[in-house]
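# Understanding the architecture of this molecule
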Amino acid sequence: MKLLVVEDDKRVRKMILAMTDDLVGEFFECENGSQALAIYAENLPDWVLMDLMMPELDGISATRKIISSFPNAKIIIVTSIKSDAMQKTARIAGAFGYVLKENLADIRKFITNQDG
């Protein structure tokens with residue numbers, strides 16, 4: 001499985017990698033939504049874990065752009081923003097799921113229950 005982590009905090013990216021390492025064959029990472037668009041198009045990962053608040057291009061905008069070009073993309077928003085309104089916005093943008101950073105273990109649940 002290929003995984004793209006889009007997160008501006010390197011420590012969080014490393015935590016996500018450690019949590020999913022046994023599930024991932026190829027791991028790509030970047031720190032903003034603009035980079036995510038290019039990496040997604042080039043590598044077509046199975047899953048994208050997308051932060052919301054990032055420089056250059058935020059997670060909602062990046063999700064919309066990826067989904068518009070690749071409708072089958074599976075994007076999970078990974079954020080510290082606990083908000084029903086933001087969760088709804090993410091879903092409308094095309095996100096597959098919404099995980100709080102305080103519950104990173106939920107990422108594994110999404111990936112293992114929906115992949116393959």
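Since the structure is predicted, the reported quantities are computational estimates derived from the model, not experimental observations. (Residues numbered from 1 in each chain as written. Predicted model: local features only at pLDDT ≥ 70, side-chain atom pairs only at ≥ 80, totals over all residues. Heavy atoms only, no water.)

Here we come to the packing of aromatic side chains. On inspection of all chains with the given rule, the structure shows three aromatic pairs. Residues Tyr40 and Phe70 carry aromatic rings whose centres are separated by 4.9 Å and whose planes lie at 55° to one another, so their mutual orientation is tilted. Taken together, the positions of Tyr40 in helix α2 (residues 33–43) and Phe70 in the loop between α3 (59–69) and β4 (75–79) put the pair 30 residues apart, joining distant regions of the chain. Note on Phe70: relative accessible area 26%, which makes it partly exposed. Centre to centre, the rings of Trp47 and Phe96 are 5.2 Å apart; their planes meet at 80°, and the pair counts as edge-to-face. Here the residue Trp47 occupies a position in strand β3 (residues 47–50), and Phe96 occupies one in the loop between α4 (84–93) and β5 (97–100), the gap between them amounting to 49 residues. Assessed through its relative accessible area of 0%, Trp47 is described here as buried. Using a relative accessible area of 36% as the deciding quantity, one classes Phe96 as partly exposed. Ring pairs connect the aromatic residues Trp47, Phe96 and Phe110, which therefore count as one cluster. (Phe/Tyr/Trp six-rings, centres within 6.5 Å; stacked < 30°, edge-to-face > 60°. Helix = DSSP H or I, 4+ residues; strand = E, 2+ residues; numbered from the N terminus. Buried < 20%, exposed > 50% of the residue type's maximum accessible area, 1.4 Å probe, protein only.)

Here we come to the environment of Ile111. Secondary-structure assignment places Ile111 in helix α5 (residues 105–114). Given the relative accessible area of 2%, Ile111 is considered buried. Put simply, Ile111 and Asp8 are 103 residues apart on the chain and 22 Å apart in space, counted from C-alpha to C-alpha. Beyond its immediate chain neighbours, meaning those up to four positions away, Ile111 contacts Met1, Leu3, Leu23 and Trp47. (Contact = heavy atoms within 4.5 Å.)

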